[in-house]
Amino acid sequence: MSLFWIVIRQLADFEEAMATSKKVITREDWEKRLNDVKIRKEDMNRLVMNFLVTEGYVEAAEKFKMESGTDPDIDLATITDRMAVKKAVQSGNVEDAIEKVNDLNPEILDTNPQLFFHLQQQRLIELIRNGKVEEALEFAQEELAPRGEENQAFLEELEKTVALLAFEDVSNCPVGALLDVSQRLKTASEVNAAILTSQSHEKDPKLPSLLKMLIWAQNQLDEKAVYPRITNLSTASLEDPAV
């Protein structure tokens with residue numbers, strides 16, 4: 001996070017100087033500027049806790065709470081419940097997932113028709129996956145078709161899903177991706193985000209957003225200066241500038 005603000009500062013410092021040539025910033029000068037930026041440990045701890053809570057690492061969050069004294073902004077017990085919902089969707093047990101969501105908070109599905117449709121769509125996909133053709137058609141007609149009549153976007157998604165039944169070999173089906181694991185993950189992610197929102201928590205962790213901001217800032221500074229930059233986000237090591 002400190003490096004991001006350093007990069008932003010550099011953008012301002014070297015705006016005029018770069019009218020004719022790029023400024024060269026040595027590692028020594030860059031590291032000095034980094035060390036001049038003071039980041040509170042409490043802020044860093046909250047950033048870590050936010051990531052653990054949002055991504056559902058309940059055991060790690062509990063341990064981090066004990067070691068750092070950082071309190072999460074939600075009850076950690078709810079993480080276990082949320083992860084149970086996510087796991088149910090990822091394993092194809094959508095009915096169980098819907099039941100668990102309603103146990104957590106019935107208003108989540110009552111107030112989010114798009115999410116409920118996508119869960120029902122996933123149920124239909126699982127029926128098709130398991131070769132239950134008649135049951136799939138009946139479910140589509142009774143549960144999904146009425147919603148499609150009220151929403152054109154839902155109707156288009158329903159038609160694509162039902163199209164799976166027209167192909168014996170789904171590998172040649174233009175909508176065969178609906179049967180991929182990635183579709184389950186997409187639906188599970190949508191449910192996870194909805195539960196977090198209902199708990200007044202960000203649906204996305206802050207840390208990845210900060211890393212994206214860092215990459216953007218470095219790309220902007222690349223046009224104005226040569227400096228030690230981070231090329232490997234996993235190690236965050238500085239690479240000497242190529243002069």
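The rules behind these values
- Residues numbered from 1 in each chain as written.
- Predicted model: local features only at pLDDT ≥ 70, side-chain atom pairs only at ≥ 80, totals over all residues.
- Heavy atoms only, no water.
- Helix = DSSP H or I, 4+ residues; strand = E, 2+ residues; numbered from the N terminus.
- Rg over C-alpha atoms; globule rule 2.2 N^0.38 Å.
- Buried < 20%, exposed > 50% of the residue type's maximum accessible area, 1.4 Å probe, protein only.
- Contact = heavy atoms within 4.5 Å.
- Lys, Arg positive; Asp, Glu negative; His and termini not counted.
- Charge placed at Lys NZ, Arg CZ, Asp CG, Glu CD.
- UniProt positions renumbered as here; feature names shortened; annotations may be inferred.
- Phe/Tyr/Trp six-rings, centres within 6.5 Å; stacked < 30°, edge-to-face > 60°.
- Expected span 1.5 Å × (residues − 1).
- Patch = residues over 30% accessible without salt bridge, like charges linked within 9 Å, V, L, I, M, F, W, Y side chains within 5 Å.
- Areas by Shrake-Rupley, 256 points an atom, 1.4 Å probe, with all protein chains shown as cover.
- Salt bridge = Lys/Arg side-chain N within 4 Å of Asp/Glu carboxyl O.
- Axes fitted to C-alpha atoms, helices over the stretch in contact; angles between N-to-C directions.
- Parallel < 35°, antiparallel > 145°, perpendicular 65-115°, else oblique.
- Left-handed = near helix turned anticlockwise from the far one by under 90°.
- Nonpolar A, V, L, I, M, F, W, Y, C, P; charged D, E, K, R; others polar.
- pLDDT = per-residue confidence, 0-100.
- Polar contact = N/O pair within 3.5 Å; in protein donor to acceptor, adjacent residues only side chain to side chain.

In the annotation of an unreviewed UniProt entry, the entry for the chain reads Glucose-induced degradation protein 8 homolog isoform X1, and the organism field reads Nicotiana tabacum.

(A) Highlighting the overall build of the chain. Per the secondary structure count, the chain includes 12 helices and four strands. A compact globule built from 243 residues would reach a C-alpha radius of gyration of about 18 Å, whereas the chain, at 24 Å, exceeds it by more than 25%. Across its three principal directions, the C-alpha atoms of the chain cover 70 × 45 × 30 Å. By residue count, 38% of the 243 residues in the chain fall in the buried class. Restricting the contact set of the chain to residue pairs at least 6 apart, pairs at least 24 apart contribute 57%. Of the charged side chains in the chain, 28 are positive and 44 negative; the average position of the first set lies 9 Å away from that of the second.

(B) Seen up close, the UniProt feature "domain: CTLH" (unreviewed entry) in the chain. Look at the UniProt record and you will see "domain: CTLH" (unreviewed entry) annotated at residues 78-135. Note that residues 78-135 is 83% helix and 0% strand, and that its end C-alpha atoms are spaced 34 Å apart.

(C) Just the packing of aromatic side chains, in detail. Inspection of the entire model under this criterion finds three aromatic pairs. Judged by centre distance (6.2 Å) and plane angle (25°), the rings of F51 and Y57 are stacked. Owing to a relative accessible area of 25%, F51 belongs among the partly exposed residues under this scheme. For the pair F117 and F154, a centre-to-centre distance of 4.3 Å together with 5° between the ring planes defines the contact as stacked. Here F154 lies in helix 10 (residues 152-162) and F117 lies in helix 8 (residues 113-129), a separation of 37 residues in the sequence.

(D) Structural detail: helix 9 (residues 133-150). With 18 residues, helix 9 should reach 26 Å at 1.5 Å per residue; the first-to-last C-alpha distance of 25 Å fits that figure. Taken residue by residue, helix 9 has A136, F139, A140, L144 and G148 as its buried positions. Structurally, helix 9 contributes buried residues whose contacts are with helix 8 and helix 10.

(E) A negative patch on the surface, seen in detail. A grouping of E134, E135, E138, E142 and E143 is seen on the molecular surface, where their side chains present a negatively charged patch. If you trace the backbone, E135 turns up in helix 9.

(F) Region of interest: the packing of helix 5 (residues 77-90) against helix 6 (residues 94-104). Running from amino to carboxyl end, helix 5 crosses helix 6 at an angle of 160°, the nearest separation of the two axes being 7 Å. If you check the angle between helix 5 and helix 6, you find them roughly antiparallel. Considering the relative orientation of helix 5 and helix 6, their crossing is left-handed. Across from D81, R82, A84, V85, A88 and V89 in helix 5, the residues of helix 6 making contact are V94, D96, A97, K100, V101 and L104. Of the residues assigned to the contact of helix 5 with helix 6, the class counts are eight nonpolar, no polar and four charged.

(G) View of the confidence of the model for the chain. Looking at the chain, the pLDDT average stands at 87 and 91% of residues meet or exceed 70. Averaged pLDDT values over the elements of the chain bottom out at 62 in helix 1 (residues 2-13) and peak at 96 in helix 8.

(H) Geometry of the side chain of T161. Tracing the sequence through the fold places T161 in helix 10. By relative accessible area, T161 is classed as buried at 0%. Within the structure, T161 has its side chain in polar contact with the backbone oxygen of E157 (distance 2.8 Å). What T161 contacts, discounting residues up to four positions off in sequence, is Q121, L124, I125, I128 and L178.

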